[in-house]
Amino acid sequence: MNIILLGPPGAGKGTQAQRLVESRDMMQLSTGDMLRAARTSGTEMGKMVAGVMDRGELVTDEIVIGLIREKLETGGAKGGYIFDGFPRTLAQADALGALLAELGQNLDYAIELAVNDEILVTRILGRAADAIAAGETARADDNEESLKTRLMAYYKQTSPLIGYYHAKGDLTSLNGLGTMDAVAADIARVLG
Ligand code: AMP
């Protein structure tokens, strides 16, 4: 089973993906995590994308499609893949469809976690405050300025994917505003 978790930053995609990894042996493919790892390890690509990420803009399709291609070609997901934060553009969505087809696989569900902007801002700024309180470093892009850019990128570039997957018959929209457990239960119902 291969699924996409769709939704704006702070909708809970990462949290729900983690739960599916634990409960269903699925593999989480988060392009955000991969890009942050590239930055930490100081690769050329990591250096190239750092500024773009900190501003809250999208890195190029070519880079993220390359990252996903590499993971899919390596394989190893027993329970299937959870695409978290990918695709974020129509070009990425087309590329994902083509990559899965090449591997003889398909997409089972695109699950939208629907939330409203005010909650997102509260959640994301709360995430930054929690990290600092725990003595960790907050994500460089979890600040109000980047958040505005990230939300705008979501509405301009990513939200058209909702129509795209609806037209393909793959879309399920869930209320992402419930508790983590409630959202997890809704997802479990969709996946069966
Ligand atoms: P995330 O952890 O998913 O919120 O991603 C953090 C940042 O990484 C985003 O704001 C983008 O700069 C970059 N990024 C992650 N995934 C993608 C993607 N699929 N396409 C373009 N940029 C991405």
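What you see is a predicted model, and the numbers here were worked out from it, not measured in a lab.

(A) Representation of the overall build of the protein in the model. Helix and strand content of the protein: nine helices and five strands. Shown N-terminal to C-terminal, the secondary structure of the protein runs as helices and strands in the order β-α-β-α-α-α-β-α-β-α-α-α-β-α. Expected size for 192 residues packed as a compact globule is a radius of gyration near 16 Å; at 16 Å, the protein falls within 12% of this value. In terms of principal-axis extent, the alpha carbons of the protein reach across some 40 × 40 × 30 Å. Buried positions account for 44% of the 192 residues belonging to the protein. A fraction of 74% describes how many contacts in the protein between residues 6 or more apart in sequence connect residues 24 or more apart. As displayed, the protein has an accessible area near 9,600 Å², and 54% of this comes from carbon and sulfur atoms. Taken as two groups, the 19 positive and 26 negative side-chain charges of the protein have centres that lie 1 Å from each other.

(B) Just the site of the ligand, in detail. Near the ligand lie 15 residues; those nearest to it are Thr 31, Arg 36, Glu 57, Gly 85 and Gln 92. Glu 57 is positioned with one of its backbone polar atoms (N or O) 2.5 Å from an oxygen atom of the ligand. Taking Arg 88, its side chain carries an N or O atom lying 3.0 Å from a nitrogen atom of the ligand. Here the ligand, which alone exposes 480 Å², has 96% of that area covered by the protein. Put simply, the ligand lies in the largest pocket.

(C) Representation of the layout of surface pockets within the structure. Volume-wise, the largest pocket comes out at about 980 Å³. Secondary structure elements with two or more residues in the lining of the largest pocket: helix H1 (13–24), strand S2 (27–30), helix H2 (31–40), helix H6 (117–133), helix H7 (144–158) and helix H9 (180–191). Grouping the constituent residues of the lining of the largest pocket by class yields 17 nonpolar, 16 polar and 12 charged.

Reading the values: the criteria
Residues numbered from 1 in each chain as written. Predicted model: local features only at pLDDT ≥ 70, side-chain atom pairs only at ≥ 80, totals over all residues. Heavy atoms only, no water. Helix = DSSP H or I, 4+ residues; strand = E, 2+ residues; numbered from the N terminus. Rg over C-alpha atoms; globule rule 2.2 N^0.38 Å. Buried < 20%, exposed > 50% of the residue type's maximum accessible area, 1.4 Å probe, protein only. Contact = heavy atoms within 4.5 Å. Areas by Shrake-Rupley, 256 points an atom, 1.4 Å probe, with all protein chains shown as cover. Lys, Arg positive; Asp, Glu negative; His and termini not counted. Charge placed at Lys NZ, Arg CZ, Asp CG, Glu CD. Near = heavy atom within 4 Å. Polar contact = N/O pair within 3.5 Å; in protein donor to acceptor, adjacent residues only side chain to side chain. 1 Å grid on protein atoms, 1.4 Å probe; cavity = no way out; pocket = protein on both sides within 12 Å on 5 of 7 lines; lining within 4 Å. Sits in = over half its atoms within 2 Å of the grid points. Points joined across faces, edges and corners; volume = space filled by probe spheres on them. Nonpolar A, V, L, I, M, F, W, Y, C, P; charged D, E, K, R; others polar.

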